[in-house]
Structures are given as C-alpha cells and as structure tokens.
Amino acid sequence: GASFAELYAELCVIGRGSFGEVLKVRRRSDSRTLVCKVLSYGQMSEKEKQLVVSEVNILRELKHRHVVQYFDRVLDKRAAKIYIIMEYCENGDMGRQIKRMRRDRSHFEETRVWKFLAQLLLAFEACHNRKDIILHRDIKPCNIFLDRDMNIKVGDFGLAKELGAESQFAYTNVGTPYYMSPELINEKRYNEKSDIWALGCLIYEMCALRPPFEAANVVSLGKRISAGRFSRIPMRYSDELQAVVQSMLTLSPTRRPSVSQLMSLPRVGSYVVRAR
Ligand code: ADP
Ligand code: MG
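Enquirer: Would you mind going over the overall build of the protein in detail, with residue names and values included?
Expert: Looking only at helices and strands, one finds eleven helices and seven strands in the protein. Over its C-alpha trace the protein gives a radius of gyration of 19 Å, about what one expects of a compact globule, namely 19 Å for 276 residues. Seen along its three principal axes, the alpha-carbon backbone of the protein occupies a region of about 55 × 40 × 40 Å. Counting all 276 residues of the protein, 47% fall into the buried class.

What follows is the structure, given as structure tokens:
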C-alpha cells in the first residue's frame, strides 16, 4: 500500500499524546484536514501490539455523530510506527475550553451544558447499548473534543486504558484520577455505571470549572469520593441541572441512573437530536 507521506501531508504537531505525537495533516486526495496519532510500537510487547490492533478495529466500527471518527491506519514497518488517522476537531478538547472559561472568569450557559449532556449521552448510548458493550474508561475533559460548531466528539475510546497497567505507556500519562468512581476505589470492576459517574464529574466540572472532588493525593481523593460530599454547582445553574448531576454522582452504582434513564428526562430529550 501507499506510505503515510504519499497519502498525507504533515501540517503541524498539535499535541503530544501518551503514545507519541498528534499531528494535523492534510489528506492529499481531497485536501481534507485530519488528525494523525503516531504510535511507535518498537518497544511494545506482542500483547500490547495486539491490543492496539483490536482497539483500532473497535474504533473503526464505532461510527457516531458524537464520537471522533476514525478514518484510516497506515503501518510503517521499517520505522515501527502506526499512523491512526481521524477527524480533526477544530475547537480542541474540553479541558482547554474549561481552562479558558476559568481564565476569563466566564462560564458555559446552562442551555449549552444541557446540549453537551444530551450529545454525550447519545455517544454513550451508541457504546453501551450494543452486544459487545464498549466502555470508555477514561472520560475526562481532555478526551472530549469539540468540532467547529461546538458539538461534542468523544475521543480516545479505550485506546489508552485497554493497554492496561502492564504497559509502559500507562505510566507516562497518569494524572490525578479526579473522575475515579467509588466502586473503583473499592476494587470492584469498571462497568457502564462507572462511565456514568465520570460523566457526572464532567458535567459538574463544566459548570463549576473544577472537579467535584479534589485532593492533593490519590488516597485523600479516594476518601473524599467515598464520602460522596460535594458542593452544589454554581447558583446560576438550575436545581434541575443540579439534581441530574447529583443523580449521576450517586455512590451506589446500582442506584446511579443508566444512559437510557438519563435520556428519558424531558429536559435532556428536548436537546436530543437523532440522526434521520
Ligand atoms: P493522549 O494520548 O495523551 O490521550 P490525545 O491524543 O488525547 O493524547 O491528545 C494530545 C493532544 O492532541 C491534545 O492537545 C488534544 O487536544 C489534541 N487532539 C487529539 N485528538 C484530536 C482531534 N481529533 N482533533 C483535535 N485535536 C486533537
Ligand atoms: Mg487523550
């Protein structure tokens, strides 16, 4: 097949991921601007390589309006690199947006927060309500992307997390796990309700511009989370929004709402736009 350079022109480096560089590229065939994740697999074990392959296969299957679209992968055996080509999200990631809001002492309008929630739920629905359920496992502001029109595109599906603790890469990018759910602290399995917890933390952070639970280290963070106390989102936001966030931050995973239950809330439903 054609090489990466034959198919794509590198425009610039937009970031550094846990696996390698993230590039902005132009597809030569139609001049479309795309993003390329460069993964160096020279140091990976066979098992890790296999995980990357299977993960990319999941992503190829997952076509959804609110999920970052994966387009192609190009293998360069000589350089031991795999190039993963995907949709370019003009407005970058949510982490950057939240930072900007905090810096400008600004905030997201409540209607926008409801719209974000509806779009996130649509993406989750596509992942949770299928035979081979796909869990994100790493919902956080910097993994949620925004297109030109500020529509949500969930990115980094499992890619990083599936590599697991045994991967050398798992250690290069460990930030404070602010969105860690109470069941994970109790060493229970990650399940779809853990994604809901993380979603609750995310919506909370969009409103408060800081996570619901904060601490200087993982141990005290775990204690805070397990205690389940957090301040209300800022008063400019309605009791209705506060109640939804609070329900997603229910300590008991069984009592926490599912994607379908959240989607059936009238206020959410009014923002849900389904593909025709
Ligand atoms: P990691 O491997 O650490 O999760 P990411 O790929 O999520 O790294 O992000 C690295 C940088 O590239 C971030 O600044 C992120 O905003 C940017 N980025 C990643 N994917 C896209 C995309 N599809 N569109 C725009 N920017 C992106
Ligand atoms: Mg990421």
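So that's the structure; there's more coming.
Enquirer: Please provide a residue-by-residue account of the packing of helix α4 (residues 110–128) against helix α7 (residues 192–208), values included.
Expert: Two quantities define a packed helix pair, namely the angle between the helix axes and the distance between the axes. Between α4 and α7, the shortest axis-to-axis distance is 11 Å and the interhelical angle comes to 165°. Taken together, the axes of α4 and α7 are roughly antiparallel relative to one another. Once α4 is placed against α7, the crossing between them reads as right-handed. Contacts between α4 and α7 involve Val 113, Phe 116, Leu 117, Leu 120, Leu 121, Phe 124 and His 128 from the former and Glu 192, Asp 195, Leu 199, Leu 202, Ile 203, Met 206 and Cys 207 from the latter. Classifying every residue of the contact of α4 with α7 gives eleven nonpolar, one polar and two charged.

Enquirer: Pulling in residues and values, what's your account of the side chain of His 128?
Expert: Position of His 128 among the secondary structure elements: in helix α4. Of note is the side chain of His 128, whose polar atom sits 3.0 Å from the side chain of Asp 195. With residues near it in sequence (within four places) discarded, His 128 still touches Ile 133, Ile 134, Leu 135, Glu 192, Asp 195 and Val 259.

Enquirer: Before we move on, could you go through the pairing of strand β3 (residues 33–40) and cite the residues and values that matter?
Expert: Of all eight residues making up β3, six are buried, and the element is well covered by its neighbours. Bridge analysis of strand β2 (residues 21–27) against β3 gives five bridges, and the strand direction is antiparallel. Bridged to Leu 23 within β3 is Cys 36. Counted between consecutive antiparallel strands, the loop separating β2 from β3 contains five residues, among which Ser 31 sits at a positive phi close to 65°. Here seven bridges tie β3 to strand β5 (residues 81–87), and the two strands are oriented antiparallel to one another. Each residue of the ladder has a partner; that of Val 35, found in β5, is Met 86.

Enquirer: Pulling in residues and values, what's your account of the side chain of Gln 242?
Expert: Its place among the elements puts Gln 242 in helix α9 (residues 239–248). Take Gln 242: its relative accessible area is 10%, and that puts it in the buried class. When near neighbours in sequence (up to four residues on either side) are disregarded, Gln 242 contacts Phe 230, Arg 232 and Ile 233.

Enquirer: A description of the environment of Met 94 should follow, citing residues and the corresponding values.
Expert: Mapped onto the elements of the fold, Met 94 is located in helix α3 (residues 94–103). Overall, Met 94 belongs to the buried group, its relative accessible area being 0%. Residues Met 94 and Ile 144 lie 50 residues apart in sequence; the distance between their C-alpha atoms is 5.5 Å. Not counting residues within four places of it along the chain, the set of residues in contact with Met 94 comprises Phe 108, Phe 116, Pro 141, Ile 144, Leu 146, Ile 152 and Met 206.

Enquirer: A description of α9 should follow, citing residues and the corresponding values.
Expert: Taken as a whole, α9 has its buried residues at Leu 241, Gln 242, Val 244, Val 245 and Met 248. Viewed end-on, α9 has its buried residues packed into an arc of 160°, placing them on one side of the element.

Enquirer: I'd like to hear about the nonpolar core, residue by residue, with values.
Expert: Within the largest apolar cluster, 70 residues are counted, with the highest numbers of intra-cluster contacts made by Met 94, Phe 108, Leu 117, Leu 120, Leu 199 and Ile 203. Discounting chain neighbours no more than four positions away, the residues touching Leu 120 are Ile 144, Ile 152, Val 154, Leu 199, Leu 202, Ile 203 and Met 206. Listed in part, the ten residues of the second largest apolar core include Phe 4, Tyr 8, Leu 23 and Val 74.

Enquirer: How would you sum up the sheet that holds β2? Please name residues and give values.
Expert: Within the open sheet, the five strands sit side by side as β1-β2-β3-β5-β4. Their pairing is antiparallel. Strand pairing shows two members of the sheet lacking a second neighbour, β1 (8–16) and β4 (70–76), which therefore form its edges. Taking each pair of neighbouring strands and ignoring which way they run, the sheet shows an average axis angle of 30°. This element, helix α2 (residues 46–61), spans β3, β4 and β5 of the sheet and lies at about 155° to β4.

Enquirer: Provide a residue-level description of the layout of surface pockets, including the pertinent values.
Expert: In this structure, the second largest pocket occupies an estimated 180 Å³ of space. Every residue lining the second largest pocket is listed: Leu 39, Tyr 41, Met 44, Lys 49, Val 52, Val 53, Arg 73, Val 74, Leu 75 and Ile 82. Among the residues forming the lining of the second largest pocket, the class breakdown is eight nonpolar, no polar and two charged.

Enquirer: Break down the environment of Leu 202 for me, citing the residues and quoting the values.
Expert: For Leu 202, the location among the structural elements is in helix α7. A sequence separation of 91 residues divides Leu 202 from Thr 111, and the C-alpha atoms of the two residues are 16 Å apart. Look past the residues within four positions of Leu 202 in its chain and what remains in contact with it is Leu 120, Ile 139, Lys 140, Pro 141, Ile 144 and Tyr 179.

The rules behind each value
- Residues numbered from 1 in each chain as written.
- Chains lettered and ligands numbered in written order.
- Predicted model: local features only at pLDDT ≥ 70, side-chain atom pairs only at ≥ 80, totals over all residues.
- Heavy atoms only, no water.
- Helix = DSSP H or I, 4+ residues; strand = E, 2+ residues; numbered from the N terminus.
- Rg over C-alpha atoms; globule rule 2.2 N^0.38 Å.
- Buried < 20%, exposed > 50% of the residue type's maximum accessible area, 1.4 Å probe, protein only.
- Axes fitted to C-alpha atoms, helices over the stretch in contact; angles between N-to-C directions.
- Parallel < 35°, antiparallel > 145°, perpendicular 65-115°, else oblique.
- Left-handed = near helix turned anticlockwise from the far one by under 90°.
- Contact = heavy atoms within 4.5 Å.
- Nonpolar A, V, L, I, M, F, W, Y, C, P; charged D, E, K, R; others polar.
- Polar contact = N/O pair within 3.5 Å; in protein donor to acceptor, adjacent residues only side chain to side chain.
- Pairing = 2+ DSSP bridges.
- Arc of directions from axis to C-beta.
- Core = buried A, V, L, I, M, F, W, Y, C linked by side-chain atoms within 4.5 Å.
- 1 Å grid on protein atoms, 1.4 Å probe; cavity = no way out; pocket = protein on both sides within 12 Å on 5 of 7 lines; lining within 4 Å.
- Points joined across faces, edges and corners; volume = space filled by probe spheres on them.

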